[in-house]
Amino acid sequence: MVHGRLATWFGLVGLSACGGSGTTAAASGSSGAGSGTSASATDGAQGDGATADSGEVACPARDDTGEPFGDALEHLGRAEGDSFIEILDMVADGSLVYSCTATQGLTIWDATDGAAASLVVENVGPEGLAHPSFPRCQHLGPDFGAGQVVVTNRGDEIQPDPWLYLYDISDPSAPQPLRGLQTTASIEGVVLDDGRIWAAAHKSGIVVVDDTGGSALVQVASFSDEASDAWAPFKVGTTLFVAEGTTGLRAYDISGDEPALLSTLGLPGSSKDVIVVDDIAYVAASAHVLAVDVSNPSQMTIVGQREVRGTALALDMGTDRTLLVAEWDEIRGYDADDPELREVLSETVPTEAANFTRVLTLDAEPSAGRVYAGEWRGMHAYDQHEVAMSPEVVATPGSLQFESTAVGEFEDLVLVIRNPGTEDLEIFGAASGLEGVTVDPPCVSVPPGGAAAMEVRFTPISDAPQRGKLILETNDPDEPEFSVSVSGNIVGLDVGDPNPPFELTALDGTQWSLDDLKGQVAVLAYFATF
Amino acid sequence: MGLSGGGLFGGESFATVSAFRDQTNVTFPLLLRQTVSGQYADPDGSISPYPIDVIIDREGTIRYLRHEFDAAAMRSTIEQLLAE
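Residues numbered from 1 in each chain as written. Chains lettered and ligands numbered in written order. Predicted model: local features only at pLDDT ≥ 70, side-chain atom pairs only at ≥ 80, totals over all residues. Heavy atoms only, no water.

J.: How do you make sense of the overall build of chain A when you look at a structure like this?
T.: Counting its secondary structure elements, chain A contains three helices and 40 strands. In chain A, buried positions account for 57% of the 530 residues. For chain A, restricting intrachain contacts to residue pairs at least 6 apart in sequence, the fraction spanning at least 24 positions comes to 56%. Carbon and sulfur atoms form 48% of the exposed surface of chain A, whose accessible area is close to 19700 Å². (Helix = DSSP H or I, 4+ residues; strand = E, 2+ residues; numbered from the N terminus. Buried < 20%, exposed > 50% of the residue type's maximum accessible area, 1.4 Å probe, protein only. Contact = heavy atoms within 4.5 Å. Areas by Shrake-Rupley, 256 points an atom, 1.4 Å probe, with all protein chains shown as cover.)

Written out as structure tokens, the structure reads:
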């Protein structure tokens, strides 16, 4: 795991600064009163919004005269709809990108010009089944040869009844509703091939549905057992491989109507997506990605495994055998032929929102050298190039949250810069528009495999909440301007505050209170079914 | 381990959350409350109230608060607090 505990960060190798006052990493999370211990506090207190710690440091200027580093994923552009919320699944076909979204239903983009992709159609959802204002689909399974796509709804607070629905997309600008099926089983991922649908239905296992041309789709078979936890299917000939959550990877013989379980391979994490390329199944399984030899589906074997830095949610094979993975925080790429699945690229998906990006899905079009990624607000297009030698910037923590700090006092947090790349990483400077935020040192050089610490100080000149970005100017070709969220004096309960008492009832009737949790570390995860 | 965890839903019905539990096979406790908005600070300026991840230490003090899921940072914080 990349992220170390704060207390261990200072033991990282390769700690270096480019010179200057040299108080690097003298404190973490410390605070004090007065002007602080470095010139930066005074600079920041002037409130001019400049954040680099001027001190005695002379930062090198960016040198663009040499041979540029390669950029394995070249960001072409970002496009969004009127009120886009959450692209959940996407599949490209040539220059068209089909996606399922949380509130705009089935959407289709024309990405001929990757820098300026445009919506061909949006808000497509089956009448009477989808929410009338916020149609939603979870996953899609195209059969482009037949000009059809099936979309799914797993059932939640917004659209309570699960369903799947078939569209004619021979004219992508006007998808025609064909027929659907409302189910009791919650439907997640789906495969459509020649009028037959195999749907992953969580604990209801595999549901087989046929399009017989009538008024509705027809369920013809199913398979489930106590271990069923089906999320995403992938069909190869007469074998269906299914990523099945905490159960792992399962293989089914689908040569007949009834799916017949061939084998189950337990995997670490929770398996959420699978693709199969040349008899190797690649699985996205939360904290891991895995390669599994499936040449004999009755006896699957792990041949590659890697713990990832993000959370692996979806994957696809790009050019040069680069396994591309949507990891919530970033897109990362791995050498598909390396047993250790060596990381070969990491790409922050740029977002204009204050949030950090949620990269939930991606799709590669190797024939066109294109990669598409879906996030919270938009669709991104990339050109994929050959993986090249380059520096790589990684910063932890991903955001700097200063506690409530009074005027005249300060708080320090440490930002650790790591370089998992192959060339020296240079941070040429740091800047933001936030009042009273300074960085010491403002520039660092980090060798491949090394790390350096930058001390970020918050010395507010008013009680006003501060929320913004710290921008690091780097020589990472992917991220020449690397941003870290910074906040301070935010209203509301925050780190360092006592959590207010609560008494809540669990689904099984058990009562939970803060007092009951005393003496334990507790994780409270607030989320929603939709 | 000394670690507890729960998923909290704001404003959703017992039936919906029960269905979610059955669909997804989650094994940690799922708790119901009226709302999740407005209580915690939002340093990220999020456009959605979800998710909110809170980690509290053995004394009940908030030691981690994010409106965006960051698995690696959460793992790191949990390891640190369990070692304290």
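J.: How should I be thinking about the sheet that holds strand β17 (residues 248–253) of chain A in this particular structure?
T.: Remark on secondary structure: sheet strands pair via backbone hydrogen bonds, oriented parallel or antiparallel. Residues and elements named next belong to chain A. The sheet built from four strands is open, its strands ordered β15-β16-β17-β18 with antiparallel pairing. Looking at the sheet topology across the chains shown, the edges are occupied by β15 (232–236) and β18 (260–265). Ignoring which end each strand starts from, the neighbouring axes of this sheet average 20° apart. As defined by bridge partners, β15 adjoins strand β16 (residues 239–244) across five bridges and the pair is classed as antiparallel. Counterpart to Ala 232 in the pairing with β16 is Ala 243. (Pairing = 2+ DSSP bridges. Axes fitted to C-alpha atoms, helices over the stretch in contact; angles between N-to-C directions.)

J.: Help me understand the state of the cysteines in this model?
T.: By definition, a disulfide links two cysteine residues through a covalent bond between their sulfur atoms. Residue and element names in this part refer to chain A. With the rule as written, the count across this model stands at two disulfides over all chains. Note that Cys 59 is cross-linked by a disulfide to Cys 443, the S-S spacing being 2.3 Å. Taking the sign of the torsion about the S-S bond as the criterion, the disulfide between Cys 59 and Cys 443, at about -90°, is left-handed. Residue Cys 59 is located in the loop between α2 (39–45) and β2 (73–79), and its partner Cys 443 is located in the loop between β33 (437–440) and β34 (444–446); the two are separated by 384 residues in the primary sequence. Using a relative accessible area of 32% as the deciding quantity, one classes Cys 59 as partly exposed. Here Cys 100 pairs with Cys 137 through a disulfide, and the sulfurs are 2.1 Å apart. Between Cys 100 and Cys 137, the S-S dihedral sits near -115°, and the bridge is therefore left-handed. Taken together, the residues span a long stretch of sequence, with Cys 100 in strand β4 (residues 96–101) and Cys 137 in the loop between β6 (118–124) and β7 (140–143) at a distance of 37 residues. Grouping residues by exposure puts Cys 100 and Cys 137 together as buried. (Disulfide = S-S within 2.5 Å.)

J.: What exactly am I supposed to notice about the pairing of strand β8 (residues 148–153) of chain A here?
T.: All names here are of chain A. Counting buried positions along β8 yields six of six residues, so the element is predominantly enclosed. Residues Gln 148, Val 150 and Thr 152 of β8 are buried on one face, and the alternating residues Val 149, Val 151 and Asn 153, pointing to the opposite face, are buried as well. Examined bridge by bridge, β7 and β8 share four bridges and lie antiparallel to one another. The residue bridging Leu 140 from the neighbouring strand is Val 151, located in β8. When β8 meets strand β9 (residues 163–168), the two strands line up antiparallel, connected through six bridges. Counted as the bridge partner of Val 151 is Tyr 165 from β9.

J.: Mind showing me how you'd approach the sheet that holds β9(A) here?
T.: All names here are of chain A. One open sheet holds the four strands; their spatial order is β7-β8-β9-β10, and the pairing between them is antiparallel. Each having just a single partner strand, β7 and β10 (176–182) make up the two edges of the open sheet. Going across the sheet, the axis of each strand differs from the next one's by a mean of 15°, ignoring polarity. Across six bridges, β9 lies against β10 in antiparallel orientation. Bridging across to β10, Asp 168 finds its partner in Gln 176.

J.: Would you mind going over helix α2 (residues 71–83) of chain B with me for this structure?
T.: Quick reminder: α-helices carry 3.6 residues per turn. Residues three or four places apart thus point the same way. In a regular helix each residue adds 1.5 Å, so 13 residues correspond to 18 Å; α2(B) covers 18 Å between its end C-alpha atoms and thus fits that length. For α2(B), every residue scored as buried is listed here: Ala71(B), Ala72(B), Ala73(B), Met74(B), Ser76(B), Thr77(B), Ile78(B) and Leu81(B). Residues of α2(B) that are buried in the fold lie against β21 (301–312) and β40 (521–526) of chain A together with β1 (3–10), β3 (52–56) and β4 (62–66) of chain B. (Expected span 1.5 Å × (residues − 1).)

J.: How should the interface of chain A and chain B be read in this particular structure?
T.: Counting residues at the interface gives 63 residues for chain A, matched by 70 residues for chain B. Summed over both partners, the interface of chain A with chain B buries about 6100 Å², with 59% contributed by carbon and sulfur atoms. Counting the surface chain A buries against chain B, the share from its top three residues, Leu507(A), Val521(A) and Tyr526(A), is 16%. Viewed at the interface, chain B and chain A are joined by one salt bridge. Counting the contacts that link chain A with chain B gives ten residue pairs in polar contact (both at pLDDT 80 or more). (Buried area = accessible area lost by both parts, 1.4 Å probe. Salt bridge = Lys/Arg side-chain N within 4 Å of Asp/Glu carboxyl O. Polar contact = N/O pair within 3.5 Å; in protein donor to acceptor, adjacent residues only side chain to side chain.)

J.: I would appreciate a short explanation of the domain arrangement of chain B in the present structure.
T.: Interface size, as often reported, equals the accessible area lost upon joining of the parts. Once the domains are mapped, chain B shows domain 1 (1–38) and domain 2 (50–84). The centre of domain 1 of chain B, based on its C-alpha atoms, is set 18 Å off from the matching centre of domain 2 of chain B. (Domains from an automatic or database assignment.)

J.: Whenever I open this one, the side chain of Arg457(A) confuses me. Can you help?
T.: Residue and element names in this part refer to chain A. Mapped onto the fold, Arg 457 is located in strand β35 (residues 451–458). Arg 457 sits in the buried class, given a relative accessible area of 1%. Reaching out from Arg 457, the side chain makes a polar contact with the side chain of Asp 412 at a distance of 2.6 Å.

J.: What's the story with the confidence of the model for chain B in this structure? I'm lost.
T.: Low pLDDT means the predicted atomic positions in that stretch should not be read closely. Residues and elements named next belong to chain B. This prediction gives chain B a mean pLDDT of 78; 81% of its residues lie at or above 70. β3 holds the highest mean pLDDT among the elements of chain B, 90, whereas β1 holds the lowest, 76. Interface confidence for the predicted complex, given as ipTM, is 0.90, next to a pTM of 0.77. (pLDDT = per-residue confidence, 0-100.)

J.: Can you walk me through the confidence of the model for chain A in this structure?
T.: All names here are of chain A. The pLDDT averaged across chain A works out to 84; a share of 86% of its residues lies at or above 70. Segment residues 1–29 is flagged for pLDDT under 50; beyond a separation of four residues in sequence, or across chains, it makes 73 contacts in the model. Low confidence marks residues 34–54, where pLDDT is under 50. Its contacts with residues over four positions away, or in another chain, come to 50 contacts.

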